[in-house]
Amino acid sequence: MNWSDYEAVWKRQELPVGAGADLAALKETFEKKRRKLAATLFARDLLEASAGVVVAGVFAYSWWHMGKEAWPMAFAIALILGISGFFIRERFRTHRLRLGPDAPLVAKVEADVAELHRQRYLLLNIWSWYLLPCGGAIVIAGATVMRVLIIKAPPGFFSALRGNPAALAWVIFYVAVVLPLCFWGAWKINRRAVLKQIEPRLRELEDLHQALLSQS
């Protein structure tokens, strides 16, 4: 699963000016940016939901290949499918709240502000609903493989592994360094997307919203 997809969504948008942006330009470009954001969020949710199903399928195949001793893989599959379900639920939520093309501009701006607040919340809390379930699934899958190896490993397997310190060091390095860095990097780039893209765009739309209300 691509943990940088959230940042990629915002990189497809023009860099917002933030507070003090020209209101006439904001009004002129609003509809185009609104459609572009909706399309990229749709693509992201579809990609992430599909990726979760694929990963769950890989886990299920590994479980079948390792045999009944690999039953803890069921928990890893459930965590990954839970993430896919989250993105599917986001699609239903977005569809339910979607406004028609004839909706007033002020209502569309309010809807975009609400959506950006939602995306900001998701990105700032990505640990709780995305990274921790992914990490839990990885830990469960790794522990299950070790469990099956302990049960089914041929004689001398672990002795041979101890006799290959380079392979053992690589496993430890990957678990202790590479995976934590990947998770930290995912959190960092999504937080940067909030600071550089979402929050300035929110300030733009809030200014536009106030201007529209003052004209009504």
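Preceding block: the structure.
Throughout what follows, the structure given in this document is the object of discussion. Small disclaimer: the values here were computed from a predicted structure and weren't measured. (Residues numbered from 1 in each chain as written. Predicted model: local features only at pLDDT ≥ 70, side-chain atom pairs only at ≥ 80, totals over all residues. Heavy atoms only, no water.)

1. Considerations on the layout of surface pockets
Considering only enclosed or pocket space, the largest pocket measures out at about 560 Å³ in volume. Looking at the largest pocket, it is lined by 17 residues, and the ones nearest its centre are R34, A38, T94, L97 and R98. When residues of the lining of the largest pocket are traced back to their parent elements, those giving at least two are helix 2 (23-66), helix 3 (73-97) and helix 4 (105-124). Element by element, the count of residues in the lining of the largest pocket is highest for helix 2, at 6 residues. Class assignment of the residues belonging to the lining of the largest pocket gives a composition of 8 nonpolar, 2 polar and 7 charged. Of the pockets and cavities examined, the second largest pocket occupies roughly 440 Å³. In terms of lining residues, the second largest pocket is bounded by 14 residues, among which I138, V139, Y174, V175 and L179 are the most central. Mapped onto the lining of the second largest pocket, the elements with two or more residues apiece are helix 5 (126-152) and helix 7 (165-215). (1 Å grid on protein atoms, 1.4 Å probe; cavity = no way out; pocket = protein on both sides within 12 Å on 5 of 7 lines; lining within 4 Å. Points joined across faces, edges and corners; volume = space filled by probe spheres on them. Helix = DSSP H or I, 4+ residues; strand = E, 2+ residues; numbered from the N terminus. Nonpolar A, V, L, I, M, F, W, Y, C, P; charged D, E, K, R; others polar.)

2. Quick notes on the environment of P133
Note on placement: P133 falls in helix 5. Sequence-wise, P133 and I80 are 53 residues apart; in three dimensions their C-alpha atoms are separated by 7.0 Å. Those residues in contact with P133, other than ones at most four positions away along the chain, are L79, I83, W127 and S128. (Contact = heavy atoms within 4.5 Å.)

3. Considerations on the pattern of salt bridges
Tallied over the entire structure, the rule returns 12 salt bridges. One salt bridge in this structure joins R34 and E31, with 3.3 Å as the shortest N-O distance. With R34 and E31 both in helix 2, this residue pair falls 3 residues apart, about one helical turn. You can call R34 buried: its relative accessible area is 14%. Note on E31: relative accessible area 25%, which makes it partly exposed. Linked by salt bridges that have partners in common, E31, R34, R35, K108 and D112 make up one network. (Salt bridge = Lys/Arg side-chain N within 4 Å of Asp/Glu carboxyl O. Buried < 20%, exposed > 50% of the residue type's maximum accessible area, 1.4 Å probe, protein only.)

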